[in-house]
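So the chains spell out like this:
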Amino acid sequence: DPQLNSNYTFDNYIEGDCNRLARSAGYAVAAKPGGTSFNPLMVYGGVGLGKTHLAQAIGNEIKRNMPDKLVIYVSCEKFCQQFVDSLKNNTINDFVNFYQAMDVIIMDDVHNFAGKEKTQDIFFHIFNHLHQSGKQVILTSDKAPKDLAGLEERLLSRFKWGLSADLQIPDLETRIAILRKKMYADGIELPSEVVEYVAHNIDNNVRELEGAMVSLLAQSTLNKKDIDLALAKQMLKNFIKNTSKEISMEYIQKLVCEYFEVPVDMVKSQTRKREIVQARQISMYLSKSHTKSSLKTIGAFFGGRDHSTVIYACQTVEDLIDTDKKFKGYVHDIQKKLKMS
Ligand code: ADP
Ligand code: MG
């Protein structure tokens, strides 16, 4: 099947909270096309989040296990074009028969049906024929069926029959795993702080995430292991807008409070609650080591305290780093996040 791209498999589709339902539903469909209640299976989500990859992986998995199944992958756009051509050439019957003969149809980006009433009509009939014969329909879309504008109600109601599962932006860990998998596939190794830097800073979609890495590799004539963080920041300055921004006490406060899940303004308050004191002292310590602010300025910023309080806080943090492994881990984690920005 020339329409299926064998590079898109389940094996290289990293699982995360962002795609767990869609991925497992896709896997179930691939094991039993037409034989689950996920018919149609609709996968939806924003640009570059992995819809095409997952849809293709389903098709490839079916072909791998059941080579005799007729599987067609077609973008909605191409389908619309083929329909128009068949009208022009008087081959509409061939067009319909071709699709109705399939065991599995995968149609990508069905939001592109918007406004195309005649093509929607034809697809409505093809859909019904396939569904009634127990054949599998897999759809992708940039929106949930209920939010798709410009599609006919009867078609939308069909789209809602089976299961709709969304893809979200992968979390940091999943983004790192995606980059690692891709590097592994390409036989490349980048230092892990570079991988983490990229994953940390590109958090809108997977395509851009991969694009940043490709750009990094393309620019470098070095051995990939010798691309260090500073060089990576330099090479990605067009990809990542906020590079080399100065670390402020505000930013430190935000990171620390996020890390310990305490309200941001609490560290400036007078409270002596243990977890707040800890967040405050670490914030002061990091402000001393990562900003150019004086002890006096730091004290003033964190709730109008004097410079001796800051000295005491730094001393306490240093002592705890030496004696308390868990505490050392906390500070280490936060420092790593700071370095990433
Ligand atoms: P969409 O169709 O939603 O716009 P794509 O399927 O084209 O997105 O995905 C964009 C890129 O990101 C592709 O190279 C794809 O392989 C990759 N990708 C997306 N999600 C994952 C994932 N979970 N694991 C591995 N690669 C992924
Ligand atoms: Mg796509």
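Quick notes on the rules
Residues numbered from 1 in each chain as written. Chains lettered and ligands numbered in written order. Predicted model: local features only at pLDDT ≥ 70, side-chain atom pairs only at ≥ 80, totals over all residues. Helix = DSSP H or I, 4+ residues; strand = E, 2+ residues; numbered from the N terminus. Rg over C-alpha atoms; globule rule 2.2 N^0.38 Å. Buried ≥ 20, exposed ≤ 12 C-beta atoms within 10 Å, placed from the backbone. Contact = placed C-beta atoms within 7 Å. Near = placed C-beta within 6 Å. Nonpolar A, V, L, I, M, F, W, Y, C, P; charged D, E, K, R; others polar. Pairing = 2+ DSSP bridges. Axes fitted to C-alpha atoms, helices over the stretch in contact; angles between N-to-C directions. UniProt positions renumbered as here; feature names shortened; annotations may be inferred. Core = buried A, V, L, I, M, F, W, Y, C linked by C-beta atoms within 7 Å. Left-handed = near helix turned anticlockwise from the far one by under 90°. pLDDT = per-residue confidence, 0-100.

**Comments concerning the overall build of the protein**
Working step 1: Within the protein, the regular secondary structure consists of 15 helices and 5 strands.
Working step 2: Whereas a compact globule of 341 residues would reach a radius of gyration of roughly 20 Å, the protein reaches 27 Å, over 25% beyond that.
Working step 3: In terms of overall dimensions, the protein has a C-alpha envelope of 85 × 45 × 35 Å along the principal axes.
Working step 4: Within the span of the protein, comprising 341 residues, buried residues form 33% of the whole.
Working step 5: Residue pairs at least 24 apart in sequence account for 71% of intrachain contacts in the protein once pairs closer than 6 positions are excluded.

**Topic: the site of ligand 1**
Working step 1: Around ligand 1 sit 16 residues, and of these Gly50, Lys51, Thr52, His53 and Val206 come closest.
Working step 2: Every element with two or more residues in the shell around ligand 1 is listed here: helix 2 (51-65) and helix 9 (206-219).
Working step 3: Broken down by class, the residue content of the shell around ligand 1 amounts to 6 nonpolar, 7 polar and 3 charged.

**Topic: the sheet that holds strand 1 (residues 41-44)**
Working step 1: Read across the open sheet, the 5 strands follow the order 2-3-4-1-5; overall the sheet is parallel. Of all the strands in the sheet, the pair left with one neighbour each is strand 2 (71-75) and strand 5 (163-166). The sheet shows a mean angle of 15 degrees between the axes of neighbouring strands, direction not considered.
Working step 2: Where strand 2 lies against strand 3 (residues 104-108), 5 bridges are found, and the strand directions are parallel. From the neighbouring strand, Val74 faces strand 3, where its bridge partner is Met107.
Working step 3: Seen against the sheet, helix 1 (residues 20-31) touches strand 1, strand 4 (136-141) and strand 5 and runs at an angle of roughly 135 degrees to strand 5.

**Examining the UniProt feature "domain: AAA+ ATPase" (unreviewed entry) in the protein**
Working step 1: If you check UniProt for "domain: AAA+ ATPase" (unreviewed entry), the listed places come out as residues 37-167 in our numbering.
Working step 2: With 47% helix and 18% strand, the stretch residues 37-167 has end C-alpha atoms that lie 20 Å from each other.

**Some words on the nonpolar core**
Working step 1: Ranked by size, the top nonpolar core spans 60 residues in total, and within it Val43, Ile58, Ile105, Ile106, Ile138, Val198 and Leu209 carry the most contacts.
Working step 2: Excluding residues within four positions of it along the chain, Ile138 makes contact with Val29, Pro40, Leu41, Ala55, Ile58 and Ile106.
Working step 3: Ranked by size, the runner-up nonpolar core spans 17 residues in total, among them Ala279, Ile298, Val317 and Ile334.

**Considering the packing of helix 14 (residues 307-323) against helix 15 (residues 325-340)**
Working step 1: Contact pair helix 14 / helix 15: the axes reach a minimum separation of 6 Å and the direction vectors enclose 115 degrees. The chirality of how helix 14 crosses helix 15 is left-handed. Contact residues: Val317, Leu320 and Ile321 in helix 14; Phe327, Lys328 and Val331 in helix 15.
Working step 2: For the contact of helix 14 with helix 15, a count of residues per class yields 5 nonpolar, no polar and 1 charged.

**Quick look at the environment of Pro67**
Working step 1: Tracing the backbone shows Pro67 in the loop between helix 2 and strand 2.
Working step 2: Along the backbone, Pro67 and Val47 are 20 residues apart, and their C-alpha atoms lie at a distance of 31 Å.

**Overview of the confidence of the model for the protein**
Working step 1: Predicted confidence across the protein gives a mean pLDDT of 93, with 98% of residues reaching 70 or more.
Working step 2: The ipTM, which scores confidence in the relative placement of chains, is 0.99 for this predicted complex, and the corresponding pTM is 0.78.

**A word on unusual backbone geometry**
Working step 1: In this structure, Pro40 follows Asn39 across a cis peptide bond, with omega equal to 5 degrees.
Working step 2: Notably, Asn90 is not glycine yet its phi reads approximately 60 degrees, a positive angle.
Working step 3: Position of Asn90 relative to the elements: it lies in the loop between helix 3 (76-89) and helix 4 (92-100).
Working step 4: Despite not being glycine, Glu261 has its phi angle at roughly 55 degrees, a positive value.
Working step 5: Tracing the chain through its elements places Glu261 in the loop between helix 11 (249-260) and helix 12 (274-290).

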